[in-house]
Amino acid sequence: MKKIFIIFSIAFFALTLFPQQKKGTSLRFLPHWIPQAQFAGFIIAYEKGFYQKYGLNVELLTGGPNRSSLDWLAEKKTDICVAWLSSALQVRDKNVKLINIGQLIQRSALMLVAKKGSGIDSINDLNGKKVAMWQKDFQIQPKALFNKFNLKVIEFPLSETQNIFIRDVVDVTSVMLYNEFHLLKNCGYDSTDLTIFRFEDYDLNFPEDGIYVLEEYYNKNEKVCKDFVAATLEGWQYAFGNEDETLQLVKKYLTKAKYAANEMHQQWMLRQMNKLFIPSVGGKRGELQESDFSNVVKTLRKSGNIKKIIVFKDFYRSPYDSP
Amino acid sequence: MIHLRNSLAVKLVLSILTVSGIIFLFIFGSNFLRSQEILLKNVRENAKNLSLATVNKIEITLNKVEQIPKTLAYHLEHSSLTEKEMLNLLTNVTASSDEITGVTIAFDPDLFPGVKGEFAPYVYKNNGNLKTVYLRSPENNYQIKDWYLIPKELQKSMWSEPYYNVDDDSKILATFSVPFYMKKNGSRICVGIVSAEIDLDWLKQIVKMTTLYKTGYAFLISHNGTFVTHPTKDFIMNETIFSIAEKYKDQTIREFGKAALRGESNLIKLKEFLKKKDIQLYYMPLLTNDWSLGIVIPEDELMEDLNALTKYILLYNLLGAILLIIAITILANRITRPLTKLAAATDEIASGNFDVAIPEMNSKDEVSHLAASFNFMKISLRQYIDNLMETTAAKQKMESELKIAHEIQMGILPKIFPAFPNRSEFDIYAAIVPAKEVGGDFYDFFLLENSFLYFTIGDVSGKGVPASLFMAVAKTLIKASTSIDYPLNEIIAKVNNDLCTENDSSMFVTIFFGRINLRNGEVDFVNAGHNLPYIVSLNGEIKKIEKTGDIAVGVIDNYQYQLAKIKLVENDTLFLYTDGITEAQNNLDKLYSENRLEIFLDSQRLSSAKELVQNSVKEVKQFSGAAPQSDDITSFVIKWIKPMEND
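The model shown is predicted, which means the values in this text are computed figures rather than measured ones. (Residues numbered from 1 in each chain as written. Chains lettered and ligands numbered in written order. Predicted model: local features only at pLDDT ≥ 70, side-chain atom pairs only at ≥ 80, totals over all residues. Heavy atoms only, no water.)

Turning to a nonpolar patch on the surface, a few remarks are in order. Where nonpolar side chains cluster on the molecular surface, the patch consists of Tyr312, Leu315, Tyr316, Leu318, Leu319, Ile322, Leu323, Ile326 and Ile330 of chain B and spans about 930 Å² of accessible area. By the element assignment, Ile326 of chain B lies in helix α8 (residues 304-350). (Patch = residues over 30% accessible without salt bridge, like charges linked within 9 Å, V, L, I, M, F, W, Y side chains within 5 Å. Areas by Shrake-Rupley, 256 points an atom, 1.4 Å probe, with all protein chains shown as cover. Salt bridge = Lys/Arg side-chain N within 4 Å of Asp/Glu carboxyl O. Helix = DSSP H or I, 4+ residues; strand = E, 2+ residues; numbered from the N terminus.)

In total, this model carries three cavities of 30 Å³ or more according to the counting rule given. In this structure, the largest cavity encloses a volume near 80 Å³. Lining the largest cavity are Asn163 and Arg167 of chain A together with Asp146, Trp147, Ile150, Pro151, Met158, Trp159, Ser160, Glu161 and Ser177 of chain B. Put simply, the parts of the chain that give the lining of the largest cavity at least two residues each are α3 (146-154) and β4 (158-159) of chain B. Broken down by element, the lining of the largest cavity gets its largest block of residues, four residues, from α3 of chain B. (1 Å grid on protein atoms, 1.4 Å probe; cavity = no way out; pocket = protein on both sides within 12 Å on 5 of 7 lines; lining within 4 Å. Points joined across faces, edges and corners; volume = space filled by probe spheres on them.)

Here we come to the domain arrangement of chain B. Residues and elements named next belong to chain B. If you check the domain split of chain B, you get domain 1 (322-411) and domain 2 (424-640). A straight line from the C-alpha centre of domain 1 to that of domain 2 covers 55 Å. If you look at the interface, domain 1 gives five residues, while domain 2 gives nine residues. On the domain 1 side of the interface with domain 2, the three residues burying the most area are Leu402, His406 and Gln409, jointly 74% of the side's total. In this assembly, domain 1 and domain 2 are joined by zero salt bridges. Taken together, the links from domain 1 to domain 2 amount to zero residue pairs in polar contact (both at pLDDT 80 or more). In terms of residue class, the side of domain 1 that touches domain 2 is made up of three nonpolar, two polar and no charged. (Domains from an automatic or database assignment. Contact = heavy atoms within 4.5 Å. Buried area = accessible area lost by both parts, 1.4 Å probe. Polar contact = N/O pair within 3.5 Å; in protein donor to acceptor, adjacent residues only side chain to side chain. Nonpolar A, V, L, I, M, F, W, Y, C, P; charged D, E, K, R; others polar.)

Turning next to helix α11 (residues 243-256) of chain A. All names here are of chain A. The end-to-end C-alpha separation of α11 is 20 Å, in line with the 20 Å expected for 14 residues at 1.5 Å each. Among all positions of α11, only Thr246, Leu247, Leu249, Val250, Tyr253 and Leu254 are buried. One side of α11 carries all its buried residues, which in axial view fall inside an arc of 165 degrees. Along α11, exposed side chains directed more than 90 degrees from the buried face belong to Asp244, Gln248 and Lys256. Buried-residue contacts for α11 involve α2 (40-47), β2 (56-60), α10 (222-241) and α12 (263-276). Once α11 ends, the next one or two residues include Lys258, with phi positive near 60 degrees. (Expected span 1.5 Å × (residues − 1). Buried < 20%, exposed > 50% of the residue type's maximum accessible area, 1.4 Å probe, protein only. Arc of directions from axis to C-beta.)

Following this line, the structure appears as structure tokens:
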């Protein structure tokens with residue numbers, strides 16, 4: 001009896017001594033923007049222990065405007081990151097061997113808007129108009145669109161606000177459906193006040209947020225990568241189904257990173273993400289569609305953003321293929 | 001006992017309270033609405049004045065700040081400053097102004113002489129020291145910043161949207177930007193922006209001081225609807241008026257936001273964003289920077305005085321209503337108490353007690369009139385009833401006397417049947433059904449020498465005691481005067497003479513007087529004006545006895561009456577009657593008539609004397625139905641069955 005007691009005591013002591021020690025593979029993850037509802041699935045997977053369930057010990061790095069996720073990936077400051085497909089393809093073109101292991105946003109959230117009553121009702125009305133665009137990859141689709149319709153526009157740089165559009169410096173501005181579009185609503189613009197141009201309507205659909213790793217990391221940690229995507233997709237599923245809880249957690253992360261956390265804005269963002277995750281040509285959530293891939297590659301080659309031929313099966317590993 | 005619901009007091013209270021309640025509610029309601037209107041009008045004035053004062057205070061500071069970049073822009077256009085002079089100038093103006101936290105002169109790239117690319121010196125306050133930096137890409141790509149790009153493109157001085165200080169996010173800043181120009185190749189081109197930025201802390205303080213009532217407050221929203229100040233800290237820079245509208249799903253807030261951003265001013269009613277209380281919101285634009293000031297006045301506080309007043313008015317009215325109820329109840333009781341007493345007295349009187357006293361009334365109102373009338377009625381009623389009692393007593397006495405007279409009258413008629421039980425050769429029966437009043441019908445029969453049956457039926461004119469007395473006299477005289485030796489007509493003549501003597505009241509009597517010789521059925525008779533009897537035989541027709549045409553007895557003195565004779569056969573019946581039968585009336589005023597009598601008699605050939613009398617009475621009564629009997633009905637039957645055998 002005494003022996004048994006001692007054994008139990010030792011076992012209990014051992015358990016209490018090392019409760020914090022986390023088992024499993026450690027990996028770092030960096031989103032390509034601030035911790036907002038755009039990344040709710042990752043936050044949920046982390047907070048609700050989905051990563052741990054898969055034996056992953058994930059470190060969530062804080063993204064932001066001054067941290068290019070793809071640069072950090074190339075420099076191996078993170079193991080996994082989120083990036084736009086078009087951005088990733090350009091980096092791959094520059095010989096960084098990264099691969100897509102899961103595609104989240106299937107449809108372009110980027111879109112152009114104009115004020116109703118400004119005389120812009122169709123795509124051809126953009127000709128000769130002042131158009132505000134963000135830098136770099138945000139210009140690929142608009143410029144391809146202008147080329148496609150042979151439009152000459154006056155380009156304006158877009159900062160972090162939409163004030164140049166609101167103050168009528170430009171006629172057209174770029175917005176993300178889940179972000180700036182709602183900010184415009186919060187400045188008093190109703191949906192009916194705006195004319196909207198969505199790129200998928202002009203055969204220029206660019207899948208956006210995808211999950212990327214370096215090929216060499218993938219080759220060593222294929223199961224880890226697949227588990228990470230699976231846990232993340234579970235996180236998203238949970239996030240869409242538990243809006244209030246998710247928004248509370250997102251708010252916590254935003255506040256921690258010293259960003260304003262507007263509840264309605266984050267709610268809008270989360271709801272739009274759910275829509276944007278639906279593949280444009282059918283298929284599963286989380287899969288990169290080859291047709292979308294080809295379309296983006298074609299557009300990027302045409303605009304000179306990439307020079308090489310990038311093959312789909314080299315670039316993409318489906319999360320649903322068994323390791 | 002009167003049910004409470006029917007009580008006069010309750011009815012009065014209910015009706016007066018209802019009417020006065022409706023009047024009160026109408027006056028109170030319209031007064032309340034009017035007061036509210038006046039109150040809101042005053043609030044609008046107050047809020048407007050307060051807004052104006054606040055807006056002015058803000059704009060004075062903003063205008064003061066605006067002067068600095070404007071002056072700098074003027075200098076830049078009209079004098080060529082070296083970099084050093086420029087930095088001196090920037091340092092001096094930044095140091096000299098309390099409000100300004102930093103000033104920038106930003107040139108378009110390559111446009112500041114001697115410098116390739118961007119040139120934008122920025123002098124700012126940092127913990128009480130002045131620092132100078134040159135804004136450069138990529139960290140400070142000023143060319144795409146709102147404060148630079150927008151005024152430059154629009155060629156217009158303007159205030160920026162508020163923004164957080166990069167170094168200290170507890171501070172909210174705003175920038176006033178002025179485009180400046182230079183002459184180049186003969187034309188005036190915009191070469192850059194002079195801007196001054198200010199900390200908006202002072203503005204927060206001004207808005208914070210702007211309050212109306214206990215918890216009323218003011219807030220400021222920017223040109224985009226962003227909260228610049230608000231008592232709820234979370235709102236500031238994080239929410240816009242439109243995100244609040246979305247959050248609380250309140251379209252009226254969104255409408256307000258749009259109107260405010262259009263630069264309108266108004267007083268509107270809203271639900272408060274957080275507490276969901278009703279508020280009045282006055283809003284007014286700041287013309288300097290297109291922002292909008294809102295003043296929130298909680299409606300419950302606004303209406304506090306009015307509501308308190310309303311409560312008092314309601315309380316007073318409640319007290320008034322209670323007083324009214326008491327007054328009406330007292331008044332109603334004053335009216336109903338004597339009425340109740342009167343009612344009790346009436347009940348007593350109704351039950352026959354005329355001695356009950358009618359309650360005394362001290363007042364001189366309608367009720368005392370009623371009591372007086374009532375008293376008079378009681379006295380009159382009592383007199384009337386006394387009279388009635390006397391009259392009734394007299395009448396009763398008379399009636400009882402009459403009854404006695406009638407009984408005497410009837411008592412003298414032979415009433416025991418069968419009258420001759422040991423005589424089988426004839427059958428005799430008679431009956432008088434008297435009318436209500438004493439009448440003068442009579443009948444009589446008697447035997448003389450065992451073989452002569454004398455019989456008589458009569459009807460005295462008139463009614464009442466004189467008639468009955470006259471009948472008694474007539475009957476007695478006939479019987480007294482009858483003797484076997486006298487012929488019947490002489491007997492009647494004698495009676496006639498006796499009755500005519502001293503017949504002052506001119507009464508008369510019709511008489512049928514006869515004698516049957518029971519041996520052979522011969523009948524002698526005198527008919528003094530009476531209804532002719534019928535002879536009913538077993539066979540053959542019903543026939544009346546022949547008329548003799550003599551007049552009634554007691555009319556003419558010394559009148560000579562005729563003697564007539566008939567002969568009966570065996571089983572012939574003599575049916576004698578008075579006009580009470582033939583002149584009996586039914587409800588339709590039809591007479592029974594001789595016709596009906598003859599038909600009746602025709603059906604009675606086999607009846608005994610008793611049966612015929614009783615049937616005839618029944619027949620006449622059946623005919624009359626419910627019609628009152630006005631005369632005595634006398635039915636008298638003699639049936640000669642067979643000749644009398646000799647002794």
